[in-house]
Amino acid sequence: GLPFEDLQSIQNSFNIAYNLKPHMLQLGFLKLLHGSTMRENPDAFPCEYSQDPPYEVIETPWLTRDELEFLHHTEDALDRLYNSGRFRRTLAYLLEQTKESPFDLISQFGFHTGNRTANIPLDDYTQLVFEYFSDRYKLDKTVLRDIMACDRLATNASGSLPAVLRVEDPSLRSKIKEWEWKNPPAKGVRRGYAYLHSEKQLVYAEYKNKHPVTGEYQLITAD
């Protein structure tokens, strides 16, 4: 649940918006610009705000500093997990398995990671996601790894998996070689492969023709 009861209305609005499946979902933070009514009438609107541009509000009679900081961590997790499009399958799986609301799931992770995500490389962030959710909710690590591997292949044209998603499998190279002998890639087209151990299935992405909306590469099952 929420650490701050006063955020219940924000939570409700967030969940409604999330369930509409928008392409992007953003939390906006109030700024008191020069000449604005709220800035010119501090008695009516007693907000504390930064003295440096963009003059963002840092405390109000209705939201404490801690609550606003919590929302900023939520915004960071929302941008990285949802708006980036890099964890689409992962989020769907987590919401289904944990039965958490979208706001609770994302905000609690943002609160847990806190300031550790500033300038964090994607591979390290992926490790945070895997370790936090698998440990907190006692999820099947093999299934979670497989789903996260699919997200990675579909959204990252390097074709490689971060260390946390790699599984030692001496037979993987031969599986790939056998598949490509029967189904060679088009000239100049690279592929990224992963073996899904929970499904006993080889999958791959071909790094061409991104989806115009999701920005994903098609994920293909090696039948």
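As shown above, the structure is provided for reference.
All values derive from a computational prediction rather than experimental measurement. (Residues numbered from 1 in each chain as written. Predicted model: local features only at pLDDT ≥ 70, side-chain atom pairs only at ≥ 80, totals over all residues. Heavy atoms only, no water.)

S.K.: Could you clarify how one ought to interpret the pattern of salt bridges in this entry?
M.R.: Per the stated rule, a full pass over the model turns up 14 salt bridges. Asp76 is paired through a salt bridge with Arg80; the nearest N and O atoms lie 3.0 Å apart. With Asp76 and Arg80 both in helix H3 (residues 65–83) and four residues apart, this pair spans about one turn of that helix. Classification of Asp76 as partly exposed rests on a relative accessible area of 22%. Assessed through its relative accessible area of 24%, Arg80 is described here as partly exposed. Where Asp135 meets Lys141, a salt bridge forms, and the shortest distance between an N and an O atom there is 3.5 Å. Among the residues examined, Asp135 registers a relative accessible area of 40% and is labelled partly exposed. (Salt bridge = Lys/Arg side-chain N within 4 Å of Asp/Glu carboxyl O. Helix = DSSP H or I, 4+ residues; strand = E, 2+ residues; numbered from the N terminus. Buried < 20%, exposed > 50% of the residue type's maximum accessible area, 1.4 Å probe, protein only.)

S.K.: For this particular structure, what's the right way to read the nonpolar core?
M.R.: Buried together is how nonpolar side chains tend to be arranged in soluble globular proteins. In terms of nonpolar packing, the biggest core is built from 51 residues, with Phe14, Tyr18, Leu81, Phe109, Tyr125, Val129 and Phe133 touching the most fellow members. Within the residue set of this core, elements represented by two or more residues are helix H1 (8–19), H3, helix H4 (88–98), helix H5 (102–113), helix H6 (122–136), helix H7 (141–155), strand E3 (191–196) and strand E4 (201–206). Broken down by element, the residue count for this core peaks at seven residues, all from H3. Here Phe14 is in contact with Leu25, Leu27, Leu78, Pro102, Phe103 and Ile106, once residues within four sequence places are set aside. (Core = buried A, V, L, I, M, F, W, Y, C linked by side-chain atoms within 4.5 Å. Contact = heavy atoms within 4.5 Å.)

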